Structures are given as structure tokens and as C-alpha cells.
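Spelled out, the chains give:
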Amino acid sequence: MTDMNGIYVGGRWRQGASTIENRNPSDLTDVIGQFGQASAADLDEALIVARKAQAEWWAAGVQKRHDVLMAIGTELMARSAEIGRLLSREEGKPLAEGTGEVYRAGQFFTYFAAEVLRLHGDLAESVRPGIEIDVRREPVGTVAIISPWNFPVATPAWKIAPALAFGNAVVWKPANATPASAVALTEIISRQDIPVGLFNLVTGPGAEVGQRLVESTAVDAISFTGSVPVGRGVAASAISTMPKLQMEMGSKNPFLVMDDADLDLAVAHVTNAAFGGTGQKCTAASRVIVHERIHDVFVERLVASAQGLRVGHALEDGTQIGPVVSQSQLDKNLEYIRIGQEEGAELLCGGQRLERPTDGFYMAPAVFAGTSNDMRINREEMFAPVTCVIKAGGYEEALSVANDSEFGLTAGIMTRSLARASHFRANMRAGCVMVNLPTAGTDYHVPFGGRGASSYGPREQGSYAAEFYTTVKTAYVAAGAPE
Ligand code: NAD
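About the criteria used
- Residues numbered from 1 in each chain as written.
- Predicted model: local features only at pLDDT ≥ 70, side-chain atom pairs only at ≥ 80, totals over all residues.
- Heavy atoms only, no water.
- Pairing = 2+ DSSP bridges.
- Helix = DSSP H or I, 4+ residues; strand = E, 2+ residues; numbered from the N terminus.
- Axes fitted to C-alpha atoms, helices over the stretch in contact; angles between N-to-C directions.
- Contact = heavy atoms within 4.5 Å.
- Phe/Tyr/Trp six-rings, centres within 6.5 Å; stacked < 30°, edge-to-face > 60°.
- Buried < 20%, exposed > 50% of the residue type's maximum accessible area, 1.4 Å probe, protein only.
- Lys NZ or Arg CZ within 6 Å of the ring centre and 35° of its normal.
- Salt bridge = Lys/Arg side-chain N within 4 Å of Asp/Glu carboxyl O.
- Parallel < 35°, antiparallel > 145°, perpendicular 65-115°, else oblique.
- Left-handed = near helix turned anticlockwise from the far one by under 90°.
- Arc of directions from axis to C-beta.
- Domains from an automatic or database assignment.
- Buried area = accessible area lost by both parts, 1.4 Å probe.
- Polar contact = N/O pair within 3.5 Å; in protein donor to acceptor, adjacent residues only side chain to side chain.

A. Summary view of the sheet that holds strand β19 (residues 432–435). In space, the 7 strands of this open sheet follow the order β14-β15-β16-β13-β12-β18-β19, with mixed pairing throughout. Whereas interior strands pair on both sides, the edge strands pair on one side only; in this sheet they are β14 (346–349) and β19. Along the sheet, successive strands turn relative to each other by an average axial angle of 25°, direction set aside. Of the pairings in the sheet, the one linking strand β12 (residues 253–257) to strand β13 (residues 285–291) comprises 5 bridges and is parallel in character. Looking at the pairing, Asn-253 lines up with Ala-285 of β13. Across the sheet, helix α11 (residues 327–343) lies against β14, β15 (366–369) and β16 (386–392), angled at about 20° from β15, the strand it touches most. Packing of helix α13 (residues 395–403) onto the sheet brings it into contact with β12, β13, β16 and β18 (410–414), and relative to β13 it is tilted by some 160°.

B. Broad picture of the packing of aromatic side chains. In total, this model carries 10 aromatic pairs according to the counting rule given. A centroid spacing of 6.4 Å and a plane angle of 75° characterise the contact between Tyr-111 and Tyr-444, whose relative ring orientation is edge-to-face. Of this pair, Tyr-111 sits in helix α4 (residues 95–116) while Tyr-444 sits in the loop between β19 and β20 (451–452), and the two are 333 residues apart along the sequence. Since its relative accessible area comes to 14%, Tyr-111 is described here as buried. What makes Tyr-444 partly exposed here is its relative accessible area of 25%. Where Phe-468 meets Tyr-469, the ring centres are 4.8 Å apart and the plane angle is 85°; that geometry is what we call edge-to-face. Grouped by ring-pair contacts, the aromatic residues Phe-108, Tyr-111, Phe-112, Trp-158, Phe-166, Tyr-444 and Phe-448 constitute a single cluster. Sitting over the face of the ring of Phe-151, Lys-93 holds its NZ or CZ atom 3.8 Å from the ring centroid.

C. Molecular detail of the pattern of salt bridges. According to the stated counting rule, one finds 29 salt bridges in the structure shown. Measuring nitrogen to oxygen at the nearest pair gives 2.7 Å for the salt bridge that ties Arg-79 to Glu-75. Owing to a relative accessible area of 21%, Arg-79 belongs among the partly exposed residues under this scheme. We note a salt bridge from Arg-232 to Glu-406, for which the minimum N-O separation is 3.6 Å.

D. The arrangement of the sheet that holds strand β22 (residues 470–478) in detail. One open sheet accounts for 3 strands, arranged β5-β6-β22; its pairing is antiparallel. Each of the sheet's edge strands pairs with one partner strand only, and the pair in question is β5 (122–125) and β22. On average, each strand axis in the sheet is inclined to that of its neighbour by 25°, with strand direction left out of account. Sheet topology note: the strand β6 (residues 131–139)/β22 ladder contains 9 bridges and is antiparallel. Each residue of the ladder has a partner; that of Arg-137, found in β22, is Val-472.

E. Structural view of unusual backbone geometry. A positive phi is found at Phe-383, a non-glycine position, where the angle reads about 60°. Among the structural elements, Phe-383 can be located in the loop between α12 (376–379) and β16. At Gln-461, a position not held by glycine, the phi torsion is positive, near 70°. Residue placement: Gln-461 occurs in the loop between β21 (455–456) and α15 (466–469).

F. Summary view of the packing of helix α2 (residues 62–78) against helix α6 (residues 179–190). Where α2 contacts α6, the two axes come as close as 9 Å, and the packing angle between them is 135°. Looking at the two axes, α2 sits oblique to α6. The handedness of the crossing between α2 and α6 is right-handed. On α6, the residues that touch Ile-72, Glu-75 and Leu-76 of α2 are Leu-185, Ile-188 and Ile-189.

G. How the structure looks around helix α7 (residues 206–215). Buried within α7 we find Val-209, Gly-210, Leu-213 and Val-214. Taken end-on, α7 shows its buried residues confined to a sector of 125°, consistent with a single buried face. Turned more than 90 degrees away from the buried face of α7, the exposed residues are Ala-207 and Glu-208. Looking at the buried positions of α7, the neighbouring elements they touch are α1 (40–60), β7 (142–146), β8 (169–173), β10 (221–225) and α8 (228–238).

H. Broad picture of the domain arrangement of the protein. Domains assigned within the protein are domain 1 (7–249 + 454–475) and domain 2 (253–435). Here domain 1 and domain 2 have C-alpha centroids that lie 31 Å from each other. Listed as interface residues are 25 residues of domain 1 and, on the opposing side, 26 residues of domain 2. Buried area between domain 1 and domain 2, summed over both chains or domains, comes out near 2,000 Å², and the portion from carbon and sulfur atoms is 59%. Put simply, domain 1 and domain 2 have 1 salt bridge between them. Counting across the interface, domain 1 meets domain 2 through 10 residue pairs in polar contact (both at pLDDT 80 or more).

Put into C-alpha cells, the structure is as follows:
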């Protein structure tokens, strides 16, 4: 292992306490490398150096912060093909998606470079004469960032960029399934002119490094993206020290297809939303709620569309769906196929492991029909290339089924009716609603997040990110009478 595949603490690359092997899920004979794992001592040191560096970083001022963020973003965009290839190789999403993700990560940095310059405060008249009041935003301090493997560059980017933009230090614990992407992003940040210790990468197992990080009294804020059970554990562990919390978690996104929908577009958007990224998106459409009048024809066409998808090696030309990320994810997916069949759902296509020229975790995209909203396959997040069709008698029933979930991240409707679209926007309980668009696919300059069990705490992205990454200070100044 080279030090550069290690961890990054106090402005230095180091090997860490142990290593893990990283293999390509499209081809298990392809070893990407050995990657370092932080020890408890590495993590503790990162938290100490971060505190000191944060004060220096804030004092360096807005032009410096702008320039650093702009440089990181520009480099990510310029190298999106190269880093995107590495991302696709270790995560398994098709090359175009890997490249697009890295480019998008660059856009988060350039967007927040500009936000640095827009950090305005407020002035107020005091109710007491002779006193002036101002309200300013200041950094929170040291931010712990914990990220999943499914967007291994974009998710950390949309957290790291605002954290640094608003003057914070960062200690980042990425998912162990995608360490190469974490190293690539860190390598770019490490070459910037920033205080030693401002940015730290502490790769390692969630239950050890992650757990120690969230329990630390040296952390002022935690931004977490991952599953609901882990997120709940993180919040429960953190509460004793009461840092700010921002949690983005699971989902069970509904996609309504109404009887007045453009059917070609509906089939294309549902296919994209359900199976893009091998279904491993928190915004994936997993409950497709279809009006009974078009149910049979829509389902027939959706199945044909799913069967037409080319599942293959992520780096091969023409691949539309890559492998799932790991053996354990594949086992979990196949178990859900069994559960769905046992619950009485009708498996119309897919759901089995596929053989390809290289040995990888390939799975055929699956469509269940004849499902009801109380089945486990419609209540639990699968994070798989599996979607479930629920038949509804009309719009009102479809909306009610859509809202009957503990989650509320994204939701979509396909309809030509302005009245239905407007009603859906207003009455769907979700953080993001899409009209005649897939449930997956969001912009980088507006808030992203959900309701219910999907999210907890202030929103991510856009100018709304300031709520989490800053704290507000109200100053009262009595100027006194002139001499
Ligand atoms: P996960 O919950 O298993 O892990 C997420 C991160 O938490 C990883 O870095 C992991 O190492 C760490 N972790 C695990 N145990 C920990 C502990 N005890 N203390 C601290 N950290 C710990 O999730 P995953 O499998 O990496 O990612 C898939 C999940 O992420 C899905 O549920 C998906 O919906 C969710 N996700 C949500 C969004 C969103 O914005 N809502 C976006 C992407 C992914």
C-alpha cells in the first residue's frame, strides 16, 4: 500500500492502523488496492488539529475561502473523466454516471465558492435607544462528515463544500466500500493552501471509527447520510454531547402514473428512476402507483423496458445498469425477492443473479406487480434494482397510498392534468416532488432533503445549507455619546 491510499490527518498522508482490500464489483479479479483504516489515536489527533486549523481558516477571510473552493471545484470538473472512471470501477455505476457524478461534485464546490461571498448578516434597531444590533453567521466549528458509498464523491462534496465555505474544519469518515473515491477527493483538497489539519480523512469501519467520531466531545456538528438504522444510532449516540445534527437517510419513494399520463414518457421515467444506478439511489422510485385504467398496458410496457436494459461491466460501452455494490447487498436484494414472492407479489421479470464474462455482482432488474402497500417490499428500503407496482382506483387513492409511508424523501407524478399536478405538489408529504420527471435527478443549487424517517435536521445544499454549517451570533453595541 502506498501512503496515498491511506488516511489524511494533520496535513499528512499516513497508512493507518490496518488495511482493507478494495475490489471491483464488475470484476472480482480486479483489485483496486489496499486502503488504510484509521485507529482511534488517528481520529483523536484529527479532532485536535481540526480545532486549531478552524480558527486560522476563519481568520483567513472570504477571498481565500472562495479561491480554495473554486480551485477544488475546477479541478474536479477538469478531471471528471479520470476520477469518474475510478469511481465507476469501485462502485459499479456505468462510466457516464461516474463521470457525471464527479463533474457534479465540482459544481458543488464552485457553487459554494460563490456562497462564501454571499454571507450577509442583518442589522436591527434596538428597543433601547443608543444600542445597535447586528446578527452575523459564524462557523459551527469542527464538522464530522459521515457518507455512504452510493454517491462516493458527490455526497461528501455537497457536505465538505459548504462546511469549508462557511469557515469550518472537517473530519470525514467515508464508507469503506468506496475508499478510492475518498482518497481521490482528499488528494485534491490536500494540495490546496489551507491550514494544516483543516481537512482530515479518517477511513474505517462505521461501528468503530464512525462511532468514536459521533461520540466525541470535540465534534460541533455531524452531517450524516446513510441508512435509517445507522442514522438513528448515530443520533442517539450523539445526543449526549448535543452537536448540531443533519441526517439524510432512507426512502421508499412513490411514483404515481395517472390515466392521463404520456405513457411513453412514463415508462421511460419510471425505468430511469427505478433502475438507474442499479436502484441504489435514495431517490429511486420503489413504489410505482398506477391508475387502474392504464395499469395493465403500463405494466406490460414497464416489464419490456426493464428486460431491455443492458446489465454489464460498469466500464464497458453500452452498459446501462452496472452490478450491485457488494456480495452482502446482492444477498440482501435476493432475500427481498424471496420475501416479495412469499408475501404474494407477482414477480414479472428479473430478480435473479446474472452471469457475465467477468465475475461480478450482477442482478436482473426486477418488477413486482400485484403488490399492496402493507407488504414488506413496499415498506422497507431495499436499495436494489427492484420496483413494486401498486394498482390504485384513482388519483385520491394513489396519493393516499403514496403518503402512507414512514419515509418522505422524493415523490413523482406523471399526469397531463394541471389540477392533479398542483394538488400533488401541495399534498404529497415529501421533501422533493417531481411532476412529469423521474423521482431521481436533482439540481445542485437548491435544497435537498426529506421528511419523516428520511431526514432529520436542517436541509442540505443551496443557500439553505447555511442553516446547518453556521451558527448565528447577535451582537448588542452601545456606542456611547461622542466626546
Ligand atoms: P450505512 O448506513 O450502512 O452507512 C453510512 C455511513 O455510516 C458509512 O460511512 C458507515 O461506515 C457509517 N457508519 C456505520 N455505522 C456507524 C456508526 N455506528 N457510527 C457512525 N457511523 C457509522 O449506509 P450505506 O449502506 O453506506 O448507504 C446506503 C444508505 O444511504 C441507504 O439507506 C440510502 O437511502 C442512504 N442514502 C441516503 C441519501 C439521502 O440523501 N437521503 C443519499 C444517499 C444514500
